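Topology and contacts: notes
Listed below, chain by chain, are the residues.
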2 protein chains.
Amino acid sequence: MKPTIKNIAKAAGVSTATVSRALANKDQLLRPATSARIRKIAHEMGYHKNVAASQLASKITKTIAVIINYTQTNFWKEIVDGILQQAHQLGYQVIIFSAGENDPARLTQTVNEALEHQASGILLISGKIEANQVAILSRAHTPYRLVSIYDRHHPEYRFISSDNIAIGELATTYLIKQGHHKIGLVGIDHSSTGQQRLLGYQKAMTAADLTINPDWVHYGNYSYQSGQQLYQQVQGQSLTAIVAGSDMVAVGLIKAAQQAGTQVPEQLSVVGIDGALAGEIVSPELTTVKQDFFRMGTTSVDNLLNDQAATFIPTRLVKRASVAKL
Amino acid sequence: MKPTIKNIAKAAGVSTATVSRALANKDQLLRPATSARIRKIAHEMGYHKNVAASQLASKITKTIAVIINYTQTNFWKEIVDGILQQAHQLGYQVIIFSAGENDPARLTQTVNEALEHQASGILLISGKIEANQVAILSRAHTPYRLVSIYDRHHPEYRFISSDNIAIGELATTYLIKQGHHKIGLVGIDHSSTGQQRLLGYQKAMTAADLTINPDWVHYGNYSYQSGQQLYQQVQGQSLTAIVAGSDMVAVGLIKAAQQAGTQVPEQLSVVGIDGALAGEIVSPELTTVKQDFFRMGTTSVDNLLNDQAATFIPTRLVKRASVAKL
DNA sequence: TTGAAAGCGCTAACAT
DNA sequence: ATGTTAGCGCTTTCAA
């Protein structure tokens, strides 16, 4: 049998309450000598606290539950990394639930599982979420944050996300300032993320009095493959610059362009943007991407625990200069 | 107040025992009608089981604790990925503890924390471990596995690791068969991992009746940077081939060689090997590395839960052909 | 098929 | 400074 505080109490000739105090380092409540003696005995007996019992009695669980809804791109690892680091710093444990890949029913089930653990808060890393899933979360009165999701149709959701409108605008403005007029937007999808980047793109173009040809917007899924494939469609359009929906799309575009014999840096400017759905680390030069996700992770924990308002993470541009090094 | 089985019992006009049974789906123990009615009420009341209470009462925790001892290279993410997937499949939860970077005191503390959670088993992902830490684990009678550690001085440790001797031998033999005689070994370190790869290298060279010049062995830390730096020392040695201590070292060597104007594929053959300390994903062509770690993750869970003997994961060579594409 | 009751190991008043 | 005691919410014999 594993030793319990009861065993230790008997061995030390004190009550369980005293043992509990000693092991919790409540030194102002008991004589240092007693405390030290008890801890020594506990150590000798190979005692380990039973967290379940402790949690049940105290109603405090210093743990954060993280739900991962897998996506094609593996950006979640960087976020989890950030969460782990900060959680530890704050003295919290992290319990991770995997919700499979884009499986609503399973995500719902996973949300329930997370709730059963009475965590101090829940972080849901996902690309999508359904209303009923959020409803379960908010009904349970457990603080939660949707990491990397922002749905403008549901301003009441608690979220942490990249500011995708700003990202799109920033990238486009960057190219406009370089003197470009015919700028494409390649590789975004129809999710909020993509639509907001599109919005930012449109905003920048309009602000500069440039006309937008709807054909310049090419849909994909933020992947390297998307970039490679979409280059064919871009090729005939006499664009001089492209805002790539993600850093991976940018790399895909450039590789395809190189294979087609186009000298990218001279004939076509490509700016890749990172954000919620980009994240494969492609080369040592692109590690900035990693840092942004890391920051998203740490920000999430802070925001969750302090119950602040919704947060947008500013996100960096991945400049053509870097990408072209590949 | 969050609803408890007591509340549900009252609402349903039954005892808490019945509610417990209904919610645990022990349908052979009660009338389906009762069971369904109780579950409906529980759902309406927004009930979520309290895992702590459940664990305490049943003494069963379907969770696996994973301790991450950070290293420079981020291979642990792939392992954790594998663990998450298989754990979920087996109905286990995963709780993750971060033990900082190469901090023995903190690792010891983290091991104790993991033990407090009464997990079904503990997976320790680390490059190093100290005897007293293993002692704590084995004394606690909680099944554990040291993932990616193999220390031949401690055959009693429970571990899962790459077979580093085989890896070194495999890579070297591969080059010998290509007709090379002057083969270097670059970028390994002084840990067991490195020494075993060296052993494999020596084994292969000896078996082929080739002399080994001790100067041909260059120490580093498996990183891209190591490869870049060590190229200088390799340059003057008139080697025709190199076994790189990791895939990253191989890439570093090749990049340095290119910068120095050497045509690698023609003048110098480089074989990179992956394993416990390699793991940055460098390009889409190198994703095999990822799969190996993934496999290490899933194997760990299986091995832990079924308490099998120590396991070696066979590890693939990363061929020069792939690496040279970069 | 259901209920009563004991107790898992710990914490936290309250009492001394 | 330490002990007594009543739970925390659930599971699980044992009875009915």
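Residues numbered from 1 in each chain as written. Chains lettered and ligands numbered in written order. Predicted model: local features only at pLDDT ≥ 70, side-chain atom pairs only at ≥ 80, totals over all residues. Heavy atoms only, no water.

As annotated in an unreviewed UniProt entry, chain A is LacI family DNA-binding transcriptional regulator from Limosilactobacillus panis.

1. Concerning the overall build of chain A
Within chain A one finds 14 helices and 11 strands. The 326 residues of chain A split such that 53% are buried. Across chain A, contacts joining residues at least 24 apart in sequence account for 70% of those joining residues at least 6 apart. For chain A, the exposed area adds up to about 14,200 Å²; of that, 51% sits on carbon and sulfur atoms. (Helix = DSSP H or I, 4+ residues; strand = E, 2+ residues; numbered from the N terminus. Buried < 20%, exposed > 50% of the residue type's maximum accessible area, 1.4 Å probe, protein only. Contact = heavy atoms within 4.5 Å. Areas by Shrake-Rupley, 256 points an atom, 1.4 Å probe, with all protein chains shown as cover.)

2. So, the pairing of strand E1 (residues 63–70) of chain B
A regular strand places its side chains on the two faces of the sheet in alternate fashion. All names here are of chain B. Along E1, 8 of the 8 residues are buried, which leaves the element largely enclosed by surrounding structure. Judged from the 7 bridges that link them, E1 and strand E2 (residues 93–101) form a sheet pairing that is parallel. Residue pairing across strands places Ala65 opposite Ile95, the latter belonging to E2. Here E1 runs beside strand E3 (residues 121–125); their pairing, made up of 5 bridges, is parallel. Note that in E3 the partner of Ile67 across the bridge is Leu124. (Pairing = 2+ DSSP bridges.)

3. Quick notes on the interface of chain A and chain B
Accessible area lost during the coming together of the parts is what is often quoted as the interface size. Counting residues at the interface gives 48 residues for chain A and 48 residues for chain B. Applying the counting criterion to the chain A and chain B interface returns 4 salt bridges. Notably, a salt bridge pairs Lys77(A) with Asp81(B), separated by 3.7 Å at the nearest N-O pair. Taken together, the links from chain A to chain B amount to 15 residue pairs in polar contact (both at pLDDT 80 or more). Those elements that provide at least two residues to the side of chain A that touches chain B are helix H3 (32–44), helix H4 (51–58), strand E1 (63–70), helix H5 (76–89), strand E2 (93–101), helix H6 (104–116) and helix H7 (131–139) of chain A. Considering each element in turn, the side of chain A that touches chain B owes the most residues, 7 residues, to H5(A). (Salt bridge = Lys/Arg side-chain N within 4 Å of Asp/Glu carboxyl O. Polar contact = N/O pair within 3.5 Å; in protein donor to acceptor, adjacent residues only side chain to side chain.)

4. Regarding the pattern of salt bridges
Any two side chains of opposite charge can pair, so long as their charged atoms come close to each other. Within the structure shown, the criterion is met by 10 salt bridges over all chains. Among the ionic pairs, Arg39(A) bridges to Asp27(A), the shortest N-O distance being 3.8 Å. One end of the pair, Arg39(A), is in helix H3; the other, Asp27(A), is in the loop between helix H2 (16–23) and H3, and 12 residues separate them in sequence. Asp27(A) sits in the partly exposed class, given a relative accessible area of 35%. Between Glu44(B) and Lys40(B) there is a salt bridge, with the nearest N and O atoms lying 3.2 Å from each other. In this pair, Glu44(B) and Lys40(B) both sit in helix H3 (residues 32–44), 4 residues apart, roughly one turn of the helix. When its relative accessible area of 48% is taken as the criterion, Glu44(B) is described as partly exposed. With relative accessibility at 54%, the residue Lys40(B) sits in the exposed group.

5. Here we look at the protein's contact with DNA strand D
Taken together, 28 residues lie around DNA strand D, and Thr18(A), Arg21(A), Ile5(B), Ser20(B) and Tyr47(B) are the ones closest in. Taken together, the sugar and phosphate atoms account for 65% of what DNA strand D places within 4 Å of the protein. Lys59(A) is positioned with one of its side-chain polar atoms (N or O) 3.3 Å from a phosphate oxygen of DNA strand D. At 4 residues, the largest contribution of residues to the surface near DNA strand D is made by helix H4 (residues 51–58) of chain B. Classifying every residue of the surface near DNA strand D by side-chain character gives 12 nonpolar, 10 polar and 6 charged. (Near = heavy atom within 4 Å. Nonpolar A, V, L, I, M, F, W, Y, C, P; charged D, E, K, R; others polar.)

6. Focus: the domain arrangement of chain A
Parsing chain A into structural domains produces domain 1 (5–49), domain 2 (56–161) and domain 3 (164–291 + 314–318). Here domain 1 of chain A and domain 2 of chain A have C-alpha centroids that lie 37 Å from each other. (Domains from an automatic or database assignment.)

7. Points about the packing of aromatic side chains
For any two aromatic rings, the description comes down to two numbers: the centre-to-centre distance and the angle of the planes. Residues and elements named next belong to chain A. Summed over the entire model, instances satisfying the criterion amount to 2 aromatic pairs over all chains. Summarising the aromatic geometry, the rings of Tyr70 and Trp76 are spaced 5.3 Å apart at their centres and angled 65° between planes, so their arrangement reads as edge-to-face. Exposure remark for Tyr70: the relative accessible area of 8% places this residue in the buried category. On the basis of relative accessible area, Trp76 is assigned to the buried category, the value being 3%. (Phe/Tyr/Trp six-rings, centres within 6.5 Å; stacked < 30°, edge-to-face > 60°.)

8. Focus: the protein's contact with DNA strand C
DNA strand C sits among 28 residues. The nearest are Ile5(A), Ser20(A), Tyr47(A), Thr18(B) and Arg21(B). Protein-proximal atoms of DNA strand C, defined as those within 4 Å of the protein, fall in sugar or phosphate at a share of 70%. The contact in question runs from a phosphate oxygen of DNA strand C to an N or O atom on the side chain of Ser54(A), over 3.5 Å. In this structure, a phosphate oxygen belonging to DNA strand C sits 2.5 Å away from a side-chain N or O atom of Thr18(B). Within the residue set of the surface near DNA strand C, elements represented by two or more residues are H2 and H4 of chain A together with helix H2 (16–23) and H4 of chain B.

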